Amino acid sequence: MKSPQLRERTMILSSGRCAWAKCMYCGYGKLKEERLGGDALKEQIDNFFNGVEPGVDVLRVYVSGNVTDRAQVPVETQAYMVQKCRGFGIRTLLVETLPQFVSEKTLEPFKGSGLRMVFAMGLECYDDALRAKLQKGFTRADFEKACALIRANGWGVKTYLLVNPPFCADVKKDVDDSVAYALKWADEVTLINCQPHAGTELHAMHERGEWKPLDKAQFFDATKEWLSDARVRYDATQYAPFPSWKSWLPQFKEQTPLVGTGGEFLENEVYDRWQKFICERYVVRDERKTALFIPCSYTKPYINGPLHRAIWRVLDSFDAEVKQSIHLVVISSPGVIPIEFADYYPFNAYDWKPWEETASIKEAYTRVTKKRLVDYLKAHKYERVLCYFTMDAESYDALKQACNELGVELITCLREETWSLIKDEKNALTRPEALEDLKGALTAVRA
Ligand code: SF4
């Protein structure tokens, strides 16, 4: 049972795919991730624990499949996870699994750990016939057998139930029967509002008008019988699975602002970890066909600075399709920063003071930035690469050098004639003439 004092964290591992992968409603089972070895998974786990503050009691681990499946999470990784939890004083470790993966052998790495283990299983519904239609691949008897084995080890069980699954004739009765049954075996039940994940058979049913999800009010109406039961939790809006690269997002417990110019404020472990993630794990969304490289802003987050606000005003003048095709990427002292990370540490907490730059700092900035841009453009292929910089900027110089080296055509949105008119102005890129150039360049790309 959940205590309000417990501090919980969730770790999503990305490795391989669900061994079953047949549930007709599940988008997670459709994910085909690279199957990772122990070292890469250890790196993911270490990255996660970098952001875990002291005092966490419960860790939940999901892998879009089965943490107990040794093909997906090698046994040495399971043991490493247990060891990490012990080191961090975590008392309860919850891992997701199918009943098929609960056996004396698969439970072995968790025995004698001193942790309270909880095994989370998606039972989905009480009725075996309905579960078979969902292609879940196990029966109540399988579930009960797994629960008995978990209990025999003194551990806990959590289960998930789908509210309003397809083929369900009476949602309210299904919820009530399922929760009543599940609570005989599980300490805790989460009721999930069934959603049409992309690429699933359920999604196709939804498209054909053969099934539709409940809205929030309908969901809470169907589950109201259990609202006061502390063992029952609710997930009313579980949408599509998030991209697997998020499992690798760099985590930092210490978030000290990085303020200074040159040396350690150009190259350090925090920036290096981000650049590695951005070039090796992060995936640019398919519709982002055009990269638009832009400067940072002294004001953080960037969107509060006058230049970024002006650029967004230009983008807002285009229709949604054009806007979605343009990927803003900032070039700054921390490196190459896709705009979606602008609010993450340290990109929201650093200051590099241009007025403190010396010739050697500028040289180092250009050299390091050029290398980062080469790595970025090798990892992420755009149909077009544009930029909007003042022509004397080191970032512009570094970008030109990187594009030259890679044979990438670089389209400069600021025209030379405009630059010669505005180059002595403060905040030159926010001048109307310059922004007209940007708009013109984006219009030309669209045409
Ligand atoms: S619901 Fe679980 S078992 Fe079924 S496909 Fe999805 S991840 Fe696999």
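Bear in mind the structure is a predicted one, so any value in this text is a computation, not a measurement.

Quick notes on the rules
- Residues numbered from 1 in each chain as written.
- Predicted model: local features only at pLDDT ≥ 70, side-chain atom pairs only at ≥ 80, totals over all residues.
- Helix = DSSP H or I, 4+ residues; strand = E, 2+ residues; numbered from the N terminus.
- Buried ≥ 20, exposed ≤ 12 C-beta atoms within 10 Å, placed from the backbone.
- Contact = placed C-beta atoms within 7 Å.
- Near = placed C-beta within 6 Å.
- Nonpolar A, V, L, I, M, F, W, Y, C, P; charged D, E, K, R; others polar.
- Core = buried A, V, L, I, M, F, W, Y, C linked by C-beta atoms within 7 Å.
- Axes fitted to C-alpha atoms, helices over the stretch in contact; angles between N-to-C directions.
- Parallel < 35°, antiparallel > 145°, perpendicular 65-115°, else oblique.
- Left-handed = near helix turned anticlockwise from the far one by under 90°.
- Pairing = 2+ DSSP bridges.
- Domains from an automatic or database assignment.
- Expected span 1.5 Å × (residues − 1).

Draft legend 1. Inspection of the overall build of the protein at higher detail. When its secondary structure is counted, the protein shows 15 helices and 14 strands. Summarising its shape, the C-alpha atoms of the protein cover approximately 80 × 50 × 40 Å along the three principal directions. In the protein, buried positions account for 35% of the 447 residues. When contacts within the protein are restricted to residue pairs at least 6 apart in sequence, long-range pairs at least 24 apart make up 78% of them.

Draft legend 2. Spotlight on the site of the ligand. The environment of the ligand is formed by Cys-18, Trp-20, Ala-21, Cys-23, Cys-26, Tyr-28, Gly-29, Ser-64, Gly-65, Leu-98 and Gly-122. Of the residues assigned to the shell around the ligand, the class counts are seven nonpolar, four polar and no charged.

Draft legend 3. How the structure looks around the nonpolar core. Of all hydrophobic cores here, the largest spans 56 residues; its most connected members are Val-61, Leu-93, Phe-119, Met-121, Leu-161 and Val-163. Looking at this core, the element that brings in the most residues is strand S5 (residues 156–163), giving five residues. Those residues in contact with Val-61 that sit more than four places away from it in its chain are Met-11, Leu-13, Val-67, Met-81, Leu-93, Leu-94 and Val-95.

Draft legend 4. Representation of the packing of helix H12 (residues 359–379) against helix H13 (residues 394–406) in the model. Their axes nearest at 8 Å, the elements H12 and H13 cross at an angle of 45°. By the angle between their directions, the pair H12 and H13 is classed as oblique. When you trace H12 past H13, the crossing you get is right-handed. On H13, the residues that touch Lys-362, Tyr-365, Thr-366, Thr-369, Lys-370, Leu-373, Val-374, Leu-377 and Lys-378 of H12 are Glu-394, Ser-395, Asp-397, Ala-398, Leu-399, Gln-401, Ala-402, Glu-405 and Leu-406. Of the residues assigned to the contact of H12 with H13, the class counts are eight nonpolar, four polar and six charged.

Draft legend 5. Structural view of the sheet that holds strand S1 (residues 8–12). Taken in spatial order, the seven strands make up an open sheet running S1-S2-S3-S4-S5-S6-S7, and their pairing is parallel. Since the sheet does not close on itself, it has two edges, and those belong to S1 and strand S7 (232–235), each with one partner. The average undirected angle you get between the axes of adjacent strands in this sheet is 20°. Running over the sheet, helix H5 (residues 140–152) touches strand S4 (116–124) and S5 and is turned about 175° from S4. Relative to the sheet, helix H6 (residues 171–185) contacts S4, S5, strand S6 (188–193) and S7, its axis offset from that of S5 by approximately 175°.

Draft legend 6. Quick peek at the sheet that holds strand S9 (residues 290–295). Pairing is mixed in the open sheet, where five strands are placed in the order S11-S10-S9-S13-S14. Of all strands in the sheet, those with a lone pairing partner are strand S11 (335–338) and strand S14 (410–412), marking the two edges. Taken pair by pair, the neighbouring strands of this sheet meet at an average axis angle of 30°, ignoring direction.

Draft legend 7. Main features of unusual backbone geometry. For the bond from Lys-300 to Pro-301, the omega torsion is -10°, close enough to zero to count as cis. Its location among the elements puts Pro-301 in the loop between S9 and helix H10 (306–316). Cis peptide bonds are those with omega within 30 degrees of zero, and the linkage from Tyr-345 to Pro-346 qualifies with 5°. Examined against the element boundaries, Pro-346 turns out to sit in the loop between S11 and strand S12 (350–351). The residue Gln-135 is not glycine, and still its phi comes out positive at about 60°. When you line up the elements, Gln-135 lands in the loop between helix H4 (128–133) and H5. For Gln-135, a count of 15 C-beta atoms within 10 Å translates into the label partly exposed. Phi at Asn-427 is positive, roughly 50°, even though this residue is not glycine. Note on Asn-427: 13 C-beta atoms within 10 Å, which makes it partly exposed.

Draft legend 8. Focus on the domain arrangement of the protein. Segmenting the protein into domains produces domain 1 (8–245) and domain 2 (256–446). Inter-centroid distance (C-alpha atoms) of domain 1 to domain 2 is 41 Å.

Draft legend 9. Spatial organisation of H12. In a regular helix each residue adds 1.5 Å, so 21 residues correspond to 30 Å; H12 covers 30 Å between its end C-alpha atoms and thus fits that length. Structurally, H12 contributes buried residues whose contacts are with helix H9 (269–280), strand S10 (326–332), S11 and H13.

Draft legend 10. The arrangement of the packing of helix H1 (residues 38–50) against helix H2 (residues 75–87) in detail. Taken N-terminus to C-terminus, the directions of H1 and H2 make an angle of 20°; their axes are 10 Å apart at the nearest point. With respect to each other, H1 and H2 are oriented roughly parallel. Along this stretch, H1 crosses H2, giving a crossing that reads as right-handed. Contacts from Gly-38, Leu-41, Lys-42, Ile-45 and Phe-49 in H1 reach Glu-76, Thr-77, Tyr-80, Met-81 and Lys-84 in H2. A breakdown of the residues in the contact of H1 with H2 according to their chemical character gives five nonpolar, two polar and three charged.

Draft legend 11. Up close: the environment of Asn-304. Structurally, the position occupied by Asn-304 is in the loop between S9 and H10. Separated by 75 residues in sequence, Asn-304 and Ala-379 place their C-alpha atoms 29 Å apart.

Draft legend 12. Spotlight on the environment of Arg-231. Along the polypeptide, Arg-231 turns up in the loop between helix H8 (216–222) and S7. Linking Arg-231 and Arg-70, residues 161 residues apart in sequence, is a C-alpha distance of 30 Å.

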